Amino acid sequence: MAQTEIIPDSSPKAPPAGPGRDASLGGVLARALRGNVRQYGMLLALALIVLLFQIWTDGILLQPLNITNLIQQNGYILILAIGMMIVIIAGHIDLSVGSLAAFVGAAAAVMMVKHHLPWPAAVLAALVIGALAGAWQGFWIAYLGIPSFIVTLAGMLLFRGGTQILLQGQSVAPFPKGFQNISSGFLPEVGPHTDYHNLTLLLGLAVLAVAILQEVRGRRQTVSYGLEPLPLALFLTKLAVITAAVAVFTLLLASYHGVPIVLLILGALLVGFGYLMRNSIIGRHTYAIGGNEPAAKLSGVKSKRVVFLAFTNMGVLAALAGLVFAARLNAGTPQAGINFELEAIAAAFIGGASASGGVGTVLGAIIGGLVLGVLNNGMSLVGVGTDYQQVIKGLVLLAAVGFDVYNKRRAGS
């Protein structure tokens, strides 16, 4: 008998307008918002937080230097958040990512500083270490059935101890300049001298063109499937907002040193994993397992392999985050990675992940990480103490999860 593939849908779609339904502009807008309440809600929250701190800091928040610092300071958390989102979508959790990031950063430091390994080879070896560590944990979880909480808690202790052993309790530094550029470098200057970074302007135009083409393509697909698209006025408004956002962000970066290298890494991860989760079989199976694992198994989904690959991928991204953090510090240190896992988990849940699995997007993880990053940066600029910062971030996380529970109950009723 042919096996049926489950194709989950993480966000409800509005049916076409018809008798008994509100076909007005307001009705269409309300249905579109309800169908994407997590994504739009967090985008709105991020915009409000940015506006609040922009006013509160007298315009310092959106200064080009501060925007660049914000990206470089939070790059490793955003990388972890992408991997954590995929793990949570699959219905699991990973508590070891901070310790694994520290372990990989320590291993890279030892290879480059003590054994004089060229930094590209050290980076490649570090990513392989991360993949093996993730696969090791994924084997216990997927094939032996041990809960991910227990396995990754053990991994957290193991990798933290391994970091101490590798570094012998001391920091190892400095690193080659090429390796440091992973976190602190920028695109090179090209073309004639102007008041803006030319390559950044070109890259911004390319991103804007791709974004608009994707929106137009998505609208055409919606119409071809017989679904209800946004009214033309709303669609044009959406394009205008996207254009303004990309233009402002591009000009801010171009007026300083240009696009940071870490932002290019994040952009590649966002596009790659976003496509993987939306359009590939493995991505759809990940949603299916998180949404209803017994039904997914009955439909022929190889759940063990999917979970194994999710944790292997998490190991690679944790290794990459560890390298980015070590490059920023210019040292492998025993204290690296502390609380990274909590930041990544918080970013995933704030970005729309569901505690029960099966729901979330890679873009949502980035948005959730940016919410935390802007909160941290803004509160530091206005002089809020770290103790109160922890309280505020805890309340934000609780509100995000409570919002998810409320939406589920409302949908069920």
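Our subject is the structure listed above.
Below you will find a few notes about this structure.

So, how was this worked out
- Residues numbered from 1 in each chain as written.
- Predicted model: local features only at pLDDT ≥ 70, side-chain atom pairs only at ≥ 80, totals over all residues.
- Heavy atoms only, no water.
- Axes fitted to C-alpha atoms, helices over the stretch in contact; angles between N-to-C directions.
- Helix = DSSP H or I, 4+ residues; strand = E, 2+ residues; numbered from the N terminus.
- Parallel < 35°, antiparallel > 145°, perpendicular 65-115°, else oblique.
- Left-handed = near helix turned anticlockwise from the far one by under 90°.
- Contact = heavy atoms within 4.5 Å.
- 1 Å grid on protein atoms, 1.4 Å probe; cavity = no way out; pocket = protein on both sides within 12 Å on 5 of 7 lines; lining within 4 Å.
- Points joined across faces, edges and corners; volume = space filled by probe spheres on them.
- Salt bridge = Lys/Arg side-chain N within 4 Å of Asp/Glu carboxyl O.
- Buried < 20%, exposed > 50% of the residue type's maximum accessible area, 1.4 Å probe, protein only.
- Core = buried A, V, L, I, M, F, W, Y, C linked by side-chain atoms within 4.5 Å.
- Nonpolar A, V, L, I, M, F, W, Y, C, P; charged D, E, K, R; others polar.

1. Topic: the packing of helix 4 (residues 97-114) against helix 13 (residues 303-329)
Next, step 1: Where helix 4 meets helix 13, the closest approach of the two axes is 7 Å, and the angle between their N-to-C directions is 60°. By the criterion of interaxial angle, the relationship of helix 4 to helix 13 is oblique. Helix-helix and strand crossings are classified by hand; for helix 4 and helix 13 the assignment is right-handed. Along its contact with helix 4, which presents Val-97, Leu-100, Ala-101, Val-104, Gly-105 and Ala-108, the element helix 13 presents Met-314, Gly-315, Ala-318, Ala-319, Gly-322, Leu-323 and Ala-326.

2. Remarks on empty space enclosed by the protein
Next, step 1: Taken as a whole, this structure holds two cavities of 30 Å³ or more when the rule is applied.
Next, step 2: The space that makes up the second largest cavity amounts to roughly 60 Å³.
Next, step 3: Forming the boundary of the second largest cavity are Ala-101, Ala-102, Gly-105, Ala-106, Gly-322, Phe-325, Ala-326, Ala-331, Gly-332, Thr-333, Ala-336 and Phe-340.
Next, step 4: For the lining of the second largest cavity, the elements supplying multiple residues, two or more each, are helix 4 and helix 13.
Next, step 5: Considering each element in turn, the lining of the second largest cavity owes the most residues, four residues, to helix 4.

3. Section: the pattern of salt bridges
Once the charged atoms of two side chains with opposite charge are near each other, the side chains can pair.
Next, step 1: Applying the stated criterion across every chain yields a total of three salt bridges.
Next, step 2: A salt bridge links Glu-293 to Lys-297; its shortest N-O distance comes to 3.6 Å. With Glu-293 and Lys-297 both in helix 12 (residues 293-298) and four residues apart, this pair spans about one turn of that helix.
Next, step 3: Since its relative accessible area comes to 47%, Lys-297 is described here as partly exposed.

4. Let's talk about unusual backbone geometry
Next, step 1: That bond from Ala-173 to Pro-174 is cis: its omega, -5°, falls within 30 degrees of zero.
Next, step 2: Here Pro-174 shows up in the loop between helix 6 (148-167) and helix 7 (177-184).
Next, step 3: A positive phi is found at Asn-339, a non-glycine position, where the angle reads about 70°.
Next, step 4: One can find Asn-339 in the loop between helix 13 and helix 14 (340-350).

5. Comments concerning the nonpolar core
Next, step 1: Counting residues in each nonpolar core, the largest one holds 93 residues, and the members touching the most others are Ile-79, Leu-80, Met-84 and Phe-179.
Next, step 2: Among the elements that line this core, the one with the most residues is helix 3 (residues 64-89), at 16 residues.
Next, step 3: Not counting residues up to four positions away in its chain, the partners in contact with Met-84 are Ile-93, Asp-94, Val-97, Met-314, Glu-341, Ala-344, Ile-345 and Ala-348.
Next, step 4: If you look at the next biggest cluster of nonpolar residues, it comprises five residues, including Ala-288, Ile-289, Ala-296 and Val-306.

6. Quick look at the packing of helix 5 (residues 119-142) against helix 13
Next, step 1: For the pair helix 5 and helix 13, interaxial distance at closest approach is 7 Å and the crossing angle is 145°. Once helix 5 is placed against helix 13, the crossing between them reads as right-handed. On the side of helix 5, the interface is formed by Val-123, Ala-126, Leu-127, Gly-130, Ala-131, Gly-134, Ala-135, Gly-138, Phe-139, Ile-141 and Ala-142, while helix 13 contributes Lys-304, Val-307, Phe-308, Phe-311, Thr-312, Gly-315, Val-316, Ala-319, Leu-320 and Leu-323.
Next, step 2: Considering only residue class, the contact of helix 5 with helix 13 consists of 15 nonpolar, five polar and one charged.

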